[in-house]
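# Residue-level structure breakdown
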Amino acid sequence: MISAVAERRTRRGSAGRSRRVPPAAGVVLASGAGTRVGAEMNKVYLPLAGRRLVSWSLDAFARVPDIGVLLLVTRPQDKDLVDWVLDREVDAPVEVVYGGETRQESELRALRWLSSRIDEGSVDTVLIHDAARPLVSPALIAGVLHEAREHGGAIPALPAGDLVAVDEAGALTGAEPASIVRAQTPQGFRAGPLLEVYERAARDDFVGTDTASVMERFSELPVRWVRGEQQNFKITYPHDLVVAEQVLAAADYRT
Amino acid sequence: MGAKGTIEHATLACHRCGRETRHELAYAGRLLVVTTCLTCGTSIERDVRRRYLQDLRQRMLSKPGRMARRLRRHPVGFTGSLPRTAARKPWRLLDEVRLVWSAAADARRRHSDDGGRDR
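Residues numbered from 1 in each chain as written. Chains lettered and ligands numbered in written order. Predicted model: local features only at pLDDT ≥ 70, side-chain atom pairs only at ≥ 80, totals over all residues.

## Details of the overall build of chain B
The condition is simple: Elements are defined by DSSP. Helices are runs of H or I of four residues or more, strands are runs of E of two residues or more, and each kind is numbered from the N terminus. The globule rule used for comparison is 2.2 Å times the number of residues to the exponent 0.38, while the radius of gyration itself is calculated over C-alpha atoms.
Helices and strands together make up the secondary structure of chain B, namely two helices and four strands. Traced from its N-terminal end to its C-terminal end, chain B shows the element sequence β-β-β-β-α-α. Taking 14 Å as the expected radius of gyration for a compact globule of 119 residues, we find that chain B reaches 18 Å, considerably beyond that expectation. Principal axes of the C-alpha set define a box for chain B whose edges measure 60 × 30 × 25 Å.

## Things to note about the packing of helix 6 (residues 191-203) of chain A against helix 7 (residues 211-218) of chain A
All names here are of chain A. Applied cut-off: Every axis in this analysis is a line fitted to C-alpha atoms, fitted for helices over the stretch in contact. Angles between the N-to-C directions lie between 0 and 180 degrees. Angles are sorted into four bins: roughly parallel if under 35 degrees, roughly antiparallel if over 145, roughly perpendicular if 65 to 115, and oblique for all others. We call two residues in contact whenever the C-beta atoms placed from their backbones are within 7 Å. Each residue gets one label: Ala, Val, Leu, Ile, Met, Phe, Trp, Tyr, Cys and Pro are nonpolar, Asp, Glu, Lys and Arg are charged, and the others, such as Gly, are polar.
Remark: helix 6 packs on helix 7, axes separated minimally by 9 Å, with the N-to-C direction vectors making an angle of 80°. Compared by their axis directions, helix 6 and helix 7 come out roughly perpendicular. Judged by residue contacts, L194, V197, Y198, R200 and A201 of helix 6 engage V214, M215, R217 and F218 from helix 7. A class-by-class count of the residues in the contact of helix 6 with helix 7 yields seven nonpolar, no polar and two charged.

## Some details on the interface of chain B and chain A
The interface is formed by 17 residues belonging to chain B together with 17 residues belonging to chain A. Among the secondary structure elements, those contributing two or more residues to the side of chain B that touches chain A are strand 1 (6-14), strand 2 (19-28) and strand 3 (31-37) of chain B. Broken down by element, the side of chain B that touches chain A gets its largest block of residues, six residues, from strand 1 of chain B. Looking at side-chain class alone, the side of chain B that touches chain A contains eight nonpolar, five polar and four charged residues.

## Some details on the nonpolar core
The tendency in soluble globular proteins is for nonpolar side chains to be buried side by side. For clarity, the threshold we go by: In these notes, a nonpolar core means any group of buried Ala, Val, Leu, Ile, Met, Phe, Trp, Tyr and Cys residues linked to one another through C-beta atoms within 7 Å. Exposed residues have 12 or fewer other C-beta atoms within 10 Å of their own C-beta, buried residues have 20 or more, and partly exposed residues fall in between, where C-beta atoms are placed from the backbone.
Among the nonpolar cores identified, the biggest contains 86 residues, and V27, V28, L58, L71 and V126 of chain A together with V33 of chain B are the most heavily contacted of them. Top contributing element to this core by residue count: helix 2 (residues 53-62) of chain A, with seven residues. When sequence neighbours within four positions are dropped, the list of residues in contact with V33 of chain B reads G5, A26, Y27, A28, R46, V48, L99, V100 and A103 of chain B.

## Re helix 1 (residues 49-73) of chain B
Side chains three or four residues apart in an α-helix point the same way, a direct result of the helix having 3.6 residues per turn. The condition that has to hold: A helix is expected to reach a length of 1.5 Å times the quantity of its residues less one. In this analysis the local bend is the angle between axes fitted, respectively, to the seven residues ending at and the seven residues starting at the residue.
Helix length check: helix 1 of chain B, at 25 residues, gives a terminal C-alpha distance of 34 Å against a target of 36 Å (1.5 Å per residue), a fit within 8%. At S62 of chain B, helix 1 of chain B shows its largest bend, some 45°, and a proline, P64 of chain B, comes one to four positions later.

## Description of helix 7 of chain A
For clarity, the threshold we go by: The directions from the helix axis to the C-beta atoms are what the arc is built from.
Buried within helix 7 of chain A are the following residues: T211, A212, V214 and M215 of chain A. Seen along its axis, helix 7 of chain A keeps its buried residues to an arc of 160°; they face one direction.

## Observations concerning the pairing of strand 2 of chain B
All names here are of chain B. Just so we agree on the cut-off: When DSSP locates at least two bridges between a pair of strands, those strands are taken to pair.
Relative to strand 2, strand 1 is paired through nine bridges, and the arrangement is antiparallel. Residue pairing across strands places T6 opposite Y27, the latter belonging to strand 2. Taken together, strand 1 and the strand that follows it, strand 2, pair antiparallel across an intervening segment of four residues, in which G18 is found at a positive phi of about 75°. Here strand 2 runs beside strand 3; their pairing, made up of six bridges, is antiparallel. Across the sheet, the residue bridging to E24 is T36, located in strand 3. Taking the residues that link successive antiparallel strands as the turn, the strand 2-strand 3 hairpin has two residues, and the phi of G29 there is positive, at about 60°.

## Considering the confidence of the model for chain B
Detailed reading of the predicted coordinates is not advisable wherever pLDDT falls low. Residues and elements named next belong to chain B. Note the threshold: As a per-residue measure, pLDDT reflects the predictor's confidence and takes values from 0 up to 100.
Predicted confidence across chain B gives a mean pLDDT of 89, with 93% of residues reaching 70 or more. Per-element confidence in chain B ranges from a low mean pLDDT of 86 for helix 2 (residues 75-118) to a high of 96 for strand 3. Complex prediction metrics read pTM 0.86 and ipTM 0.87.

The structure is reproduced here in structure tokens:
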């Protein structure tokens, strides 16, 4: 059950758009990073090129016309910061849901929050994105959405040409790992099967590494990969913030 | 009192510690100037003097628009806080300038130390 929710409506609404297909939902996860280590401040609220990290992702999703519902999954202790960010930096309507202890639990809470709209068919696809990847572009989001609608599921990834295979003793085997890609987010799936699979994973106590791994475990839905973007990297080290800032400055502060 | 700019804290991975640690980050305007791991003390200082001046000019040009937007959204709160914010602004700018120039000096010193070892 969702512990608490808040809904915020600001100037740009989606009402009035005529659509042939139901809108998709974008879910931005901002609840995980600090929770695991008990940190005082979640890195997704750090400033990056004049805005908070999380608002770059929200803005990218808001610029994709087919994204009709935008959800931010956050921690209760970040409420004031979230209110400030949504008021000062985000024009789109954003629904706020409190996440759980793990990434997967947070995803499940977001899906349950959307469940009535999924059941009635007013949300057809869900894209789940890690807020620690602030440089995701609207083009990539639209690409993942298109593939997910077409095939059932889609994840962005980059070919991992720098991997080598090793044996159990740690020695190089010389074999080239075939078809290995580095997964990114947003990961998109048809909404109905996604909700069903997450409920089943919760019943079976299965914990996957990401959204796609949970889908692979419980669903036959084909998952396609689309080419990710080099700039869609995850902020992990302090240096990543410097690189992200330079990428944004070079692009005149647009993703 | 040393120049600090705007200080934020967050958990990020540290190359030297090999794990996630608490970091302090110092900003001048839109630019990240110094990051410091509070566990091992590893810091990154950037020489952003030229970019800071460009950024400052952009911020000054966009300030009226940003103020108008805040005034539209929160007329009472914005008007009430304006005298205090305006009075503090010169000091904040001075603090930013001191941070940027002091980090640039540290970055240059570090660069020349590294160059000396290489030779």
